[in-house]
Amino acid sequence: LVCTADLFNLWIWFETMVVSSYLMVAFYREQPAPLEAAVKYLVQSALGSVFVLLGNAQVLAETGCVNMETVRTALEPSETLLVAGALFVAGFGIKSALVPFHTWLPDAYSQSPSGVSAILAGVVTSAGLVTLLRALSVLGEVSEAWGAILMGFGILNVVIGNLLAFQQQQIKRLLAYSSLPHIGFMLIGLGVSVETGIPDGAEGSLLHLFNHGLMKGAAFLAIGGIVYGLRRRARERGALTISQMAGLVHRYPVVVTVFSIAVLGLAGIPPLAGFVSLFRIFGAGMGTAVTAIHLVVILAAINELLALGYYLPVVNAVILGTPSETVMEGKPLSLSITAPLVLLGAAILGIGIYPEALEWLVEPAGQVITSAFGG
């Protein structure tokens, strides 16, 4: 998926990756809810696959090939290629959970095992966003509106994702819906770079893509460890609600510490990883001379502040809440569960303090993305 040089193989290898994720979502196959989530994911993703395949067909019909470099250098803007770009946005938009193509995401994230949820949030959805950029960059010269389109979807993700997350009482669904705003922040940064030709926004977005994977992965894995400890004896599954997490710090101090670091990082609290990448995205937008971009960034920043309204109550519950009898009777967790969480927590804090550690990666990548769109 990362190395392929033609659009058709890009589609093939993305589908190869996604097919395995359908099966992982349906891991608890003896229960109806995970099966329903997997079928919803399958149907919507298959529709996205059809859109992408049709887009490939449009490109092939117009240019006679699907090699990315050949298409990029030889294409002439046309309505056919504009339609192909729209199909790529819709198809990969489903797979990367762009609003309003996101409805598979909360069920898939919440009904799969927590380890799978971490993979979906940190790898699969992020790969969908990167694949969208790779496909769309081939058609970068077809339209000057790609940057505005990315920012438009970005602000839609930020606003709708926040509104939906506020309503959640189940912790995994809250984490699932909170992925939508973060995808939106990445889209805004990328849109800024595509629109202006300045790579700062893309660099911030790619840094946030990495940071979001760390933070959301740590949060989901921490929830998995907590569920395992609390319900190991009875082998219960059931959705863990925020109220049931009250006082968890008294029983699982290490796991709760890492979970709190991850959640506060997602909330953009310094000096954690989420803050530095969001600050870079917002700074790139405000550094332009375009008033419309300023308004988009201001709206996104306000929404990130409002997101504290659903992140902080969770942290407050696990640290300051009164632990229930179920919490105090939870079984101890092994080093194999806590050690990876400690490493993730340290990475989130370390990148927040020293973001330059990833500069060697995000700076050239951001420049490549910007130049691919003609910047």
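What comes next is a walk through the structure. (Residues numbered from 1 in each chain as written. Predicted model: local features only at pLDDT ≥ 70, side-chain atom pairs only at ≥ 80, totals over all residues. Heavy atoms only, no water.)

**As for the packing of helix α9 (residues 200–231) against helix α10 (residues 253–266)**
Defined as follows: Every axis corresponds to a line fitted to the C-alpha atoms, with the helix fit spanning only the stretch in contact, and the corresponding angles, defined between N-to-C directions, vary from 0 to 180 degrees. Helix and strand labels come from DSSP, where a helix needs a run of H or I of at least four residues and a strand needs a run of E of at least two; each type is numbered from the N terminus. Handedness of a helix crossing follows the sense of rotation of the near helix relative to the far helix, less than a right angle counterclockwise being left-handed and clockwise being right-handed. Contacts are assigned to residue pairs that have any heavy atoms within 4.5 Å of one another.
Two elements in contact, α9 and α10, have axes whose closest approach is 8 Å; the angle formed by their N-to-C orientations is 145°. Between α9 and α10 lies a crossing whose hand is left-handed. Contacts between α9 and α10 involve His 212, Met 215, Lys 216, Ala 218, Ala 219, Ala 222, Ile 223 and Ile 226 on the former and, on the latter, Val 255, Val 258, Phe 259, Ala 262, Gly 265 and Leu 266.

**Points about the environment of Ser 334**
For the record, the criterion: Under the rule applied, a polar contact is a pair of N or O atoms within 3.5 Å (in protein, one hydrogen donor and one hydrogen acceptor; residues adjacent in sequence only if both atoms are side-chain atoms).
Along the polypeptide, Ser 334 turns up in the loop between α14 (325–328) and α15 (335–353). When the C-alpha positions of Ser 334 and Gly 225 are compared, they lie 9.4 Å apart, and in sequence the two are 109 residues distant. Within polar-contact distance, the side chain of Ser 334 engages the side chain of Ser 336 at 2.8 Å.

**Considerations on the nonpolar core**
To keep things clear, this is the line we draw: Residues enter a nonpolar core if they are buried and are Ala, Val, Leu, Ile, Met, Phe, Trp, Tyr or Cys, with the set joined through side-chain atoms within 4.5 Å. Relative accessible area decides the class of each residue, using a 1.4 Å probe on protein chains only: under 20% of the type maximum gives buried, over 50% gives exposed, and in between gives partly exposed.
Counting 106 residues, the largest nonpolar core has Leu 7, Tyr 41, Leu 139, Leu 248 and Phe 259 as its most contacted members. Sorting elements by how many residues they give to this core places α9 first, with 13 residues. If near-sequence neighbours (up to four positions away) are discounted, Leu 139 is found in contact with Val 59, Val 71, Leu 75, Leu 81, Ala 84, Gly 85, Phe 88 and Trp 146. Residues Val 158, Leu 278, Ile 293 and Val 297 belong to the second largest nonpolar core, which totals 13 residues.

**Considerations on helix α2 (residues 32–63)**
Definition in use: Given a helix with a known number of residues, its expected span is that number minus one, times 1.5 Å.
With 32 residues, α2 should cover 46 Å at 1.5 Å per step; its first-to-last C-alpha distance of 46 Å lies within 8% of that length. Taken as a whole, α2 has its buried residues at Pro 34, Ala 37, Ala 38, Tyr 41, Gln 44, Ser 45, Gly 48, Ser 49, Val 52, Gly 55, Asn 56 and Val 59. Tucked into the core, α2 has its buried residues touching α1 (7–25), α3 (68–74), α4 (79–95), α5 (105–111) and α6 (114–138).

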